[in-house]
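Spelled out, the chains give:
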Amino acid sequence: MDLTLALKALIMGIVEGFTEFLPISSTGHLILAGSLLNFTGDKVKVFEIAIQAGAMLAVCWEYRVRLAKVLTGLGSDRNSQRLVINLIIAFIPAAVLGFLFDKSIKAVLFAPVPVALAFIIGGLIILWVERRNRRMPTSARVDSVDDMTAMDALKVGLAQGFALIPGTSRSGATIIGGMMFGLSRKAATEFSFFLAIPTLFAATIYSVYKERALLSAADLPWFGIGAASAFVSAFLCVRWLLRYISSHDFTVFAWYRIVFGFVVIASAYGGWVVWAE
């Protein structure tokens, strides 16, 4: 395998892992990183989705005890049953929208400037939600994922649908959406983690199967490097984020999104960086 290709796959995996569960958009960062690395094309788009499996496995490992309890309790434990049902409900909207509009979204929005605009808009929404929470600190009515209703799950699932727009952020849409709909920061974050498991798994399987004609056995090494580095970096990120939310809000991520978005737009129109489409 070409060393340069391996290095690019490693960098992209690290970017995926560190951004997948933060409200800053992993897809957006992968598009920008791929553009800077001149690592673009149809096969790379499949790669960017496939390595999400590594990040998903990091969540499975972090919550392995909880997930094992859920699986073994499906026959009798009401909380386990409710969580699985809620995850199915929340998964459906993005799955349907992705199936219907995946090709159109990739053709039109997988480019640096649309991503930058989504960064900025998403950052402004986070600032608005956090300001509302500071003014009404007792507004959360759901403190735990075990207390979520089917309607709560549906609302979070609809919010996740907006994450099909690259630059929006799947975790940002589900966490901030959950907080808007009455979930506590901890409940919204944990449900976002759990929802990532079926969402990223399904996206990986669907993308790889759909674009299987593009792939060959020779692609396995660099896909594997990307997934492995995504696993390690996502695991570190999840551990850090769980500690972070215990005493911080998401305002810093909002400002990061806004500043980064404007830098990308300025660099594109000012000619500082030649962004590859």
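First things first, this report covers the structure right here in the doc.

The rules behind these values
- Residues numbered from 1 in each chain as written.
- Predicted model: local features only at pLDDT ≥ 70, side-chain atom pairs only at ≥ 80, totals over all residues.
- Heavy atoms only, no water.
- Salt bridge = Lys/Arg side-chain N within 4 Å of Asp/Glu carboxyl O.
- Helix = DSSP H or I, 4+ residues; strand = E, 2+ residues; numbered from the N terminus.
- 1 Å grid on protein atoms, 1.4 Å probe; cavity = no way out; pocket = protein on both sides within 12 Å on 5 of 7 lines; lining within 4 Å.
- Points joined across faces, edges and corners; volume = space filled by probe spheres on them.
- Nonpolar A, V, L, I, M, F, W, Y, C, P; charged D, E, K, R; others polar.
- Buried < 20%, exposed > 50% of the residue type's maximum accessible area, 1.4 Å probe, protein only.
- Contact = heavy atoms within 4.5 Å.

All chains considered together, the criterion is met by 8 salt bridges. Taking the shortest distance from any N to any O, the salt bridge between Arg 66 and Asp 146 comes out at 2.9 Å. Residue Arg 66 is found in helix 5 (residues 64-72), and its partner Asp 146 is found in the loop between helix 7 (112-135) and helix 8 (150-161); the two are separated by 80 residues along the sequence. We note a salt bridge from Arg 141 to Asp 152, for which the minimum N-O separation is 2.5 Å. Here Arg 141, found in the loop between helix 7 and helix 8, pairs with Asp 152, found in helix 8; they are 11 residues apart in sequence, far enough to count as distant.

A few words now on the layout of surface pockets. Put simply, the largest pocket is a space of about 700 Å³. The wall of the largest pocket is formed by 33 residues, among which Ile 49, Gln 52, Asp 102, Leu 164 and Ala 203 lie closest to the centre. Within the residue set of the lining of the largest pocket, elements represented by two or more residues are helix 2 (26-36), helix 3 (42-50), helix 6 (78-109) and helix 10 (185-210). Looking at side-chain class alone, the lining of the largest pocket contains 16 nonpolar, 11 polar and 6 charged residues. As a volume, the second largest pocket reaches approximately 420 Å³. Lining the second largest pocket we find 20 residues, and of these Gly 122, Ile 125, Phe 162, Thr 168 and Ala 173 sit closest to its centre. In terms of residues, the lining of the second largest pocket owes the most to one element, helix 7, which gives 7 residues. A per-class count over the lining of the second largest pocket returns 15 nonpolar, 4 polar and 1 charged.

Examined against the element boundaries, Ile 197 turns out to sit in helix 10. On the basis of relative accessibility, which here comes to 17%, the residue Ile 197 falls in the buried class. C-alpha of Ile 197 to C-alpha of Gly 270: the two residues are 73 residues apart in sequence and 40 Å apart in space. Apart from the residues lying within four places of it in its own chain, the contact partners of Ile 197 are Met 56, Val 59, Cys 60 and Leu 67.

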